[in-house]
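Summary of structural features
Now for the letters of each chain:
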Amino acid sequence: MSQIKNQLAQLNGSANALFISYYTAQGEPFPNNVDKLCGPNMTDFPPFHANGTEKTKLVELYRMVAYLSASLGNVTRDQRTLNPDAVSLHGKLNATIDTMRGLLSNVLCRLCNKYHVGHVDVTYGPDTSSKDVFQKKKLGCQLLGTYKQVISVVAQAF
Amino acid sequence: MAFSVALHPAFLLVVLSLKTSRSEVLGEPFQLTPEILTVSTESKLQQVNLQWTVPNLTHQELKMAFQIEISRINTSNIVWVENYSTTVKWNQLLHWNWKSEIPLECVTHFIRIRAMVDDAKYLPQNSWSNWSSWKEVSVQVSVAPNTLLIFPDNKLLEEGSNVTICLLYGQYLYNVSCMLQKEPIHGEQLDSHVSLIKLNNVVFHSVSGTNIHCKAMNATKMIFGTVLFVSKVLEEPKNFSCETQDFKTLKCSWEPGVDTALVWSQQDSQSYTLYESFSGRRELCDHRNSHNWQITDDSQETYNFTLTTENNLRKRSVNLIFNLTHRVHQKAPHDVTLENIDARKANMTWKVLSRGNNYILLCQIELQHEREVIHEHNVSVHMSASYLFSDLEPDTKYKARVRCADANHFWKWSDWAQKEFCTPEAAPSQALDVWRQVRSENGSYVVTLFWKPLLKSQANGKIVSYNIVVENQDRLSESEHYSVPAPALGTQLSLDPCSYKIHITANNSVGVSPESVMVLSNDSGHEEVHEKRIKGTKDGFHISWEPTSGDALGYVVDWCVHSRDQHCDLQWKNLGPNTTSTNITSGAFKPGVRYNFRIFEKSMQQKAQLLEKQTGYTQELAPLENPEVTINNFTSNSFILSWPSYDSDFQSAFIEGYHVYLKSKEMQCHPKGKRMTLPDYWVLCEYEIKDPEQKAFTVENLRPESHYEFLVTPYTSAGQGPNETFTKVMTPDENSNMLLKIILPMTLCVLLIIIACYWKSQWVKEKCYPDIPNPYKSSILSLIKSKKNAHLIMNVKDCIPDVLEVINKVEGPKTQCIVSGNPHNEDVSMKPPSSVPTEDGSSGSVPFFFFENFTYDQSAFDSGSHGLIPGPLKDTPCQLGLLTPPEKLLNVLEKDYMKSLAESPTEETSLIYVSQLASPMGGDKDSLATNPPMPGHCSEYKMQMAVPGRLPSLALSENNSLTSEILLGQGEQ
């Protein structure tokens with residue numbers, strides 16, 4: 001459990017820097033319209049209840065991190081194409097995804113060992129491949145804005 | 001059936017030909033109305049594709065003109081009219097497209113077409129056919145409420161081009177403002193749901209594109225956007241050229257210009273394609289700026305290349321046509337060798353890649369020394385060549401290099417082929433520039449020889465040593481050889497006072513330089529000439545002289561760089577025979593330093609004779625210090641100030657004189673001095689000594705017993721010395737000398753008298769009243785006190801008494817005395833002490849001890865203490881021990897005396913020493929006078945008697961004839 005807490009703390013500590021790096025790399029109007037373009041208004045983001053039981057929280061955490069991990073993979077792919085020179089952003093995205101993968105493994109291990117939960121149904125974000133470039137930028141920014149906000153709540157919940 | 005099928009086309013052809021021939025014959029105009037088949041769109045390209053046919057065409061081929069009209073929004077708003085001519089075949093589908101500047105999603109377009117026969121084979125037609133019906137062109141998009149759609153999406157365009165942005169508003173959306181990056185952009189409202197923004201001359205922002213975003217001012221305040229991918233303009237390749245080195249490969253190169261790649265797969269870097277028209281080969285270039293084209297056909301001499309670069313937006317081409325033999329870039333020469341022929345010549349050989357005997361190359365040869373081209377030459381070469389470098393410097397590194405090019409059709413030089421080499425050494429070519437300094441020392445010459453190092457071009461190698469041959473001119477058979485190893489630039493010889501001829505040469509590994517000769521005569525170093533002062537400038541000195549003889553070989557001017565230091569660093573300058581002046585410049589010259597120049601004339605016999613001495617400063621400075629002044633002949637009215645000479649080499653300028661300042665109160669200056677009044681009634685007199693050789697100044701007319709202050713400072717052309725503190729003096733009293741003459745002898749006389757008197761008194765005292773030794777100061781006392789060595793205490797047996805005196809003449813057995821001090825009577829019987837009378841009347845004899853008086857105290861005696869000197873008895877046993885054997889004495893004390901101590905605890909004093917001179921009883925001096933204690937024989941020591949302090953008074957009757965005995969009672973103290 002301590003590893004989960006440490007990983008959450010690590011994600012929480014790096015989320016803001018990732019968010020800033022992202023919207024800065026997109027250029028105007030993103031840095032000056034963060035609230036409008038990157039607001040955490042994603043409708044399909046998996047819910048998390050901080051006052052639930054540990055088992056519930058772990059299951060919700062698993063769903064959320066699985067969602068984030070997949071979505072950030074798409075964002076990373078898009079940014080490699082769209083902003084090939086934003087090396088710092090690419091590094092932060094990759095590091096976040098790596099940590100999330102480790103966290104997923106640990107959460108599932110905990111669920112399995114303690115609560116005998118071997119499978120959790122997860123949901124993923126919508127396919128954005130057909131979206132135009134501006135929409136992709138915007139969706140990525142919204143994802144990271146949501147992630148920054150949610151991860152702080154999650155980190156405190158454990 | 002098959003037959004009928006075969007006949008049908010034949011029939012039609014016949015009918016058509018008949019119809020045509022009829023029209024041709026008749027010349028009737030005929031109209032062909034086109035029919036639009038399909039109208040499609042390509043939204044991404046904003047393109048409308050039109051497909052039509054000419055249904056009534058009966059000719060196999062017919063040249064026709066078509067007019068196409070496009071209207072926007074409604075059919076009456078014609079925005080485009082275009083004529084399109086083509087040869088129409090029978091039953092052919094015709095295509096045409098048009099790109100709209102406005103995204104097709106935003107507005108509806110209408111299109112129609114008409115035609116006209118435009119064939120020379122027929123009569124010219126002056127009228128168009130009827131228009132086809134309008135065809136609507138639109139791209140249907142649905143806009144959700146509260147949503148804004150921006151077209152075009154992800155538009156790729158070139159920098160500097162124009163683009164029209166179209167906004168489609170959803171329901172409830174209004175009042176939208178847009179920005180391009182950070183710049184607001186404004187458009188026109190086309191209708192309630194469409195507005196257009198025209199952007200002219202768009203600029204490249206980044207390879208990631210340029211964001212356009214629009215913000216709706218309704219409640220949602222949502223932001224919508226799109227990205228414009230603005231590419232840089234594709235540039236034409238520059239400096240396109242092709243060349244070959246081996247006739248197998250053509251290397252084509254060019255400057256590609258800016259990369260027009262954009263991200264998001266919008267546009268890759270531009271591609272380059274090389275096309276050769278004669279061979280018809282096309283190759284995609286493997287690099288952005290070059291391509292190797294393989295020569296496959298050896299017979300092809302002429303090449304016509306077209307280099308095409310292309311990206312998604314543009315294509316550019318450049319053309320190059322050339323003959324292969326004119327584009328030969330020769331390979332660098334090979335097998336370059338260099339052979340030294342001698343120290344000044346070297347031969348270079350090389351080979352070139354040739355294409356036959358008739359092929360001539362032009363080769364360029366360069367010779368470099370220290371990266372500087374010193375020789376350049378061009379030669380024609382067939383296969384191999386050689387070139388001789390001459391006039392080289394010995395012992396010098398060179399770099400020779402060669403490059404070649406086609407001599408018939410010069411295209412480019414080949415790369416350089418180079419080789420470094422070093423020429424061998426040669427004997428030094430130049431005689432040394434030598435000079436000497438001569439001084440006499442202990443009757444012989446000390447000759448210091450100097451020479452300047454040869455230049456590299458003169459040394460022709462590394463100088464190993466310098467050879468000196470000294471020939472005695474007076475004794476020709478005598479000559480001495482010296483060898484001074486390099487890099488020494490001088491040596492010192494000690495020679496007898498004769499004439500010498502000195503030969504100096506420099507040696508390297510190959511040979512010897514020409515010799516330099518100097519002749520020293522007997523009087524060398526002793527020449528006396530007048531010294532002339534010269535004035536230098538900031539840059540140096542101008543020296544001029546008068547020649548003395550007309551046959552001078554030349555002149556030498558020498559001087560020391562460091563005139564103030566012991567290390568002279570002699571410099572000299574050789575001058576020609578007709579020279580009478582020269583400028584001596586040196587960066588080492590400093591202001592305030594005296595430089596001494598000597599001008600020598602060299603005779604034909606190489607003998608140097610001193611002509612002149614000149615001395616001067618580049619810049620004279622004020623003196624840095626004042627002389628140390630001493631005062632002589634100091635009287636009440638005058639004194640003389642004197643100071644030593646300056647060392648001329650340490651003068652910062654020529655001293656022109658001295659200023660003497662004298663300061664006092666109420667002083668009268670000498671008429672030759674300047675008077676200045678200072679505050680507080682002080683007067684300053686300034687005297688000027690204009691003779692720098694004068695080193696003394698008499699100050700006169702002074703007042704006795706007055707304070708004076710003086711300062712002596714030299715002055716030069718640059719000013720006087722430092723303003724230091726004045727030295728204070730006070731003139732003596734006028735009578736002081738007289739007093740001294742009287743008082744001094746008198747004082748001496750008095751002193752002599754005092755000394756004589758003292759001596760006399762000492763003599764008298766010594767003779768008459770010698771000093772009584774103080775027993776307390778005796779060293780033996782300390783030994784006794786320590787008691788560390790009991791045996792050190794004098795044993796009475798060892799003592800030789802010099803006086804033996806019986807104090808108490810025993811008339812009865814009452815008193816027994818212990819006698820001590822007889823040196824000759826060691827067997828004096830020591831009787832035990834008798835009992836002492838006590839207060840209670842018990843009878844007993846009182847022991848009396850006689851011993852030598854070590855503690856005689858005259859003052860105590862004089863104080864009227866009746867001769868009784870109370871004192872502590874702490875050391876009593878020891879004192880006793882001086883005269884009495886300790887064991888016996890202690891026995892006495894233990895038995896009687898110590899007993900008495902115990903009986904009288906309040907009385908510390910138990911023994912009282914009584915001088916034999918003291919009054920024996922009750923201060924009765926008369927009785928003392930009548931019965932003085934008489935020593936047995938003459939002794940320097942007075943006898944003293946110790947009496948136990950607390951002994952009761954003896955009951956003495958007047959009849960008792962005690963003459964020198966003192967009886968002490970407790971009450972009498």
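This structure is a prediction, so every number in the text was calculated from the model and none was measured. (Residues numbered from 1 in each chain as written. Chains lettered and ligands numbered in written order. Predicted model: local features only at pLDDT ≥ 70, side-chain atom pairs only at ≥ 80, totals over all residues. Heavy atoms only, no water.)

Here we look at the overall build of chain A
Helix and strand counts for chain A stand at five helices and zero strands. Listing the helices and strands of chain A from first to last along the sequence gives α-α-α-α-α. Here chain A holds 158 residues, and 49% of them are scored as buried. If you take every contact in chain A between residues at least 6 apart in sequence, the share linking residues at least 24 apart comes to 79%. Carbon and sulfur atoms provide 49% of the accessible area of chain A, an area that totals close to 7,100 Å². (Helix = DSSP H or I, 4+ residues; strand = E, 2+ residues; numbered from the N terminus. Buried < 20%, exposed > 50% of the residue type's maximum accessible area, 1.4 Å probe, protein only. Contact = heavy atoms within 4.5 Å. Areas by Shrake-Rupley, 256 points an atom, 1.4 Å probe, with all protein chains shown as cover.)

Focus: the pattern of salt bridges
This model, assessed by the stated rule, comprises 20 salt bridges over all chains. The partner of B:Arg314 in a salt bridge is B:Glu158, with the nearest N and O atoms 2.5 Å apart. Of this pair, B:Arg314 sits in the loop between strand E22 (302-310) and strand E23 (315-323) while B:Glu158 is found in strand E9 (residues 155-158), placing the two residues 156 residues apart along the sequence. Since its relative accessible area comes to 31%, B:Arg314 is described here as partly exposed. What makes B:Glu158 buried here is its relative accessible area of 11%. In this structure, B:Lys315 and B:Glu310 form a salt bridge, with 3.9 Å as the shortest nitrogen-oxygen distance. What emerges from the salt-bridge pattern is a single network uniting A:Glu54, A:Arg110 and A:Lys114. (Salt bridge = Lys/Arg side-chain N within 4 Å of Asp/Glu carboxyl O.)

Details of the sheet that holds strand E24 (residues 334-342) of chain B
Residue and element names in this part refer to chain B. Spatially, E24-E25-E28 is the arrangement adopted by the three strands of the open sheet, whose pairing is antiparallel. Among the strands making up the open sheet, the edge pair consists of E24 and strand E28 (384-389). When the angles between neighbouring strand axes are averaged without regard to direction, this sheet yields 15°. In terms of strand pairing, strand E25 (residues 345-351) meets E28 through six bridges, oriented antiparallel. Note that in E28 the partner of Ala346 across the bridge is Phe389. (Pairing = 2+ DSSP bridges. Axes fitted to C-alpha atoms, helices over the stretch in contact; angles between N-to-C directions.)

Focus: the packing of aromatic side chains
Residues and elements named next belong to chain B. Evaluation of the coordinates by the stated rule reveals 35 aromatic pairs over all chains. The interplanar angle of 55° and the centroid separation of 6.5 Å between the aromatic rings of Tyr661 and Phe726 together place this pair among those described as tilted. Here the residue Tyr661 occupies a position in strand E47 (residues 657-665), and Phe726 occupies one in the loop between strand E52 (719-720) and strand E53 (727-730), the gap between them amounting to 65 residues. Put simply, the rings of Phe541, Trp559, Phe589, Tyr595 and Phe597 pair up and form one aromatic cluster. (Phe/Tyr/Trp six-rings, centres within 6.5 Å; stacked < 30°, edge-to-face > 60°.)

Here we look at the pairing of strand E13 (residues 188-191) of chain B
Residue and element names in this part refer to chain B. Where E13 meets strand E14 (residues 194-199), three bridges bridge the pair, whose relative direction is antiparallel. Counted as the bridge partner of Asp191 is Val194 from E14. Once E13 ends, the chain turns through two residues before running back antiparallel as E14.

Here's the deal with the state of the cysteines
Residues and elements named next belong to chain B. For the coordinates displayed, the defined rule picks out seven disulfides over all chains. In this model, Cys363 is linked to Cys404 through a disulfide, with the two sulfur atoms separated by 2.0 Å. Between Cys363 and Cys404, the disulfide has an S-S torsion of 100° and is therefore right-handed. Highlighted residues: Cys363 in strand E26 (residues 361-369) and Cys404 in strand E29 (residues 397-406), separated in sequence by 41 residues. Here Cys363 falls in the buried class, since its relative accessible area comes to 0%. Between the sulfur atoms of Cys669 and its disulfide mate Cys685 the distance is 1.6 Å. Between Cys669 and Cys685, the disulfide has an S-S torsion of -85° and is therefore left-handed. Pair noted here: Cys669 is in the loop between E47 and strand E48 (674-678) and Cys685 is in strand E49 (residues 682-689), with a separation of 16 residues, a long-range link. With respect to burial, Cys669 and Cys685 carry one shared label: buried. By sequence-ordered numbering of the bonded cysteines, chain B has its disulfides arranged as 1-2, 3-4, 5-6, 7-8, 9-10, 11-12. (Disulfide = S-S within 2.5 Å.)

Focus on the packing of helix H1 (residues 2-25) of chain A against helix H4 (residues 87-115) of chain A
All names here are of chain A. Contact geometry of H1 with H4 gives a least axis separation of 9 Å together with a crossing angle of 155°. In terms of axis orientation, H1 runs roughly antiparallel to H4. Every pair of crossing elements has a handedness; the one defined by H1 and H4 is left-handed. Facing H1, whose interface residues are Gln3, Ile4, Gln7, Leu8, Gln10, Leu11, Ser14, Ala17, Leu18, Ser21, Tyr22 and Ala25, H4 presents Ser88, Leu89, Lys92, Leu93, Thr96, Thr99, Met100, Gly102, Leu103, Asn106, Val107 and Arg110. Looking at the contact of H1 with H4 residue by residue, the classes come out as 12 nonpolar, 10 polar and two charged. (Parallel < 35°, antiparallel > 145°, perpendicular 65-115°, else oblique. Left-handed = near helix turned anticlockwise from the far one by under 90°. Nonpolar A, V, L, I, M, F, W, Y, C, P; charged D, E, K, R; others polar.)

Considerations on the pairing of strand E27 (residues 372-381) of chain B
Residue and element names in this part refer to chain B. Bridging between E26 and E27 involves nine bridges; their strand directions are antiparallel. Bridge pairing in E27 places Glu366 opposite Glu376. Between E26 and the antiparallel strand that follows it, E27, lie two residues; Glu370 among them carries a positive phi value of about 50°.

Remarks on the confidence of the model for chain B
Fine structural detail should not be taken from predicted coordinates in areas where pLDDT scores are low. Residues and elements named next belong to chain B. Overall, the prediction assigns chain B a mean pLDDT of 77, with 75% of residues at 70 or greater. Scored below 50 in pLDDT, residues 1-27 shows nine contacts in the model against residues more than four places distant or in partner chains. This model gives residues 809-973 a pLDDT under 50, and the stretch forms 276 contacts once residues within four places in sequence are excluded. Interface scoring of the predicted complex returns ipTM 0.81; its pTM is 0.55. (pLDDT = per-residue confidence, 0-100.)

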